Amino acid sequence: MEKGSGSGGTPFFENLGTFFRKCIFSVLSVGPIPNHIAFIMDGNRRYAKKRNLVEGAGHRAGFLALMSMLRYSYELGVKYVTIYAFSIENFKRRPEEVQSVMDLMQEKIEELIKEESIVNHYGVRIHFIGNLKLLSAPARLAAERAMLVTAGNSKAVLSICVAYTSTNEIMHAVEESCLEKWGEIRELNARGVECGLTELEGYEKDEARHLINLTDIEKRLYMAVAPDPDIMIRTSGETRLSNFLLWQSQYCYLDSPSVLWPDIGFWHLLWAIMNFQRNNFYLEKKKKQL
């Protein structure tokens, strides 16, 4: 099973592997190809513990696995990839572990935007999703630089969820919607237009133009930068979403291979896409019933 981009394979075997994948993808392309794949990268710490590796080694191995998944996804023609890198809940871990992850995050972000990186090879635009204020200053600055440097890329999109939970995303979107609506009401009041309870009493007549609707919230979600995922893959055999993309995952296919994240490979992704294709008719039918 193929490993990450740092496997040290010779150019001949790398080219052979690329040709092999293209052949498989050409067959796979007969069916529907997912536009957006989301990954919950579960099992880095267990991977390190299982192999008696030093702390942080599992996350480094997980980064190599991520590079492989990105390459395979973009080779297939998947435009949007989203990864769950670090939850807000993860900040409750030991301070030393959190700091280690922040340092590693900064290092890997800087690797991502190097000229020869996979991001530039496939023309990928990077978005960091979540409450970035919670990150360490160096990691936050690296994230901001990556978004700035890749802003002109348009062939594919990588959304990296850090300091993220879905409940926080929804709460933020509601707060932003309320603030904007309140601003509109204050502006109208300043112009002498009555916008108090008497205005809202006409709900059925004028559809209460100052009330918040679904569209107001959806366009202020962090993940408004991408369509809803078609496939969500969570490694280590878990089927929980763990507060990830709860708003967006109503009609996506959930795949839960038993391998730990650093062990995920090409065949796991292929199997997930084949199962998605098998279930796509049902999923599309459910979407149309909205």
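Please refer to the structure higher up on the page.
Residues numbered from 1 in each chain as written. Predicted model: local features only at pLDDT ≥ 70, side-chain atom pairs only at ≥ 80, totals over all residues. Heavy atoms only, no water.

Caption draft 1: Quick peek at the pattern of salt bridges. Inspection of every chain in the model, using the stated rule, returns 15 salt bridges. In this structure, Glu-96 engages Arg-94 in a salt bridge whose closest nitrogen and oxygen atoms are separated by 3.6 Å. Of the residues examined, Glu-96 reaches a relative accessible area of 51% and is grouped as exposed. Across the salt bridge formed by Lys-108 and Glu-107, the nearest N and O atoms sit 3.6 Å from each other. (Salt bridge = Lys/Arg side-chain N within 4 Å of Asp/Glu carboxyl O. Buried < 20%, exposed > 50% of the residue type's maximum accessible area, 1.4 Å probe, protein only.)

Caption draft 2: Spotlight on the nonpolar core. With 56 residues, the main nonpolar core has Phe-39 and Phe-128 as its most contacted residues. Broken down by element, the residue count for this core peaks at nine residues, all from helix α3 (residues 57-76). Counting 15 residues, the second largest nonpolar core, distinct from the first, contains Ile-40, Val-157, Met-232 and Leu-245. (Core = buried A, V, L, I, M, F, W, Y, C linked by side-chain atoms within 4.5 Å. Helix = DSSP H or I, 4+ residues; strand = E, 2+ residues; numbered from the N terminus.)

Caption draft 3: Fine view of the packing of aromatic side chains. For the coordinates displayed, the defined rule picks out 11 aromatic pairs. A ring pair is formed by Phe-39 and Trp-261, whose centres lie 5.6 Å apart and whose planes are at 65°; its orientation type is edge-to-face. Taken together, the residues span a long stretch of sequence, with Phe-39 in strand β1 (residues 36-40) and Trp-261 in the loop between β6 (253-255) and α11 (266-288) at a distance of 222 residues. Like Phe-39, the residue Trp-261 is buried in the burial classification. Between Tyr-164 and Phe-244 the ring centres are 6.0 Å apart and the planes differ by 80°, which places this aromatic pair in the edge-to-face class. With Tyr-164 in strand β4 (residues 156-164) and Phe-244 in the loop between β5 (231-234) and β6, the pair connects residues that are 80 residues apart, well separated along the chain. The class of Tyr-164 is buried, set by a relative accessible area of 0%. For Phe-244, a relative accessible area of 0% translates into the label buried. Among the aromatic residues, those joined into a ring-pair cluster are Phe-20, Phe-25, Tyr-72, Phe-266 and Trp-267. (Phe/Tyr/Trp six-rings, centres within 6.5 Å; stacked < 30°, edge-to-face > 60°.)

Caption draft 4: Quick peek at the environment of Glu-175. Here Glu-175 is to be found in helix α7 (residues 166-190). When the C-alpha positions of Glu-175 and Arg-220 are compared, they lie 9.4 Å apart, and in sequence the two are 45 residues distant.

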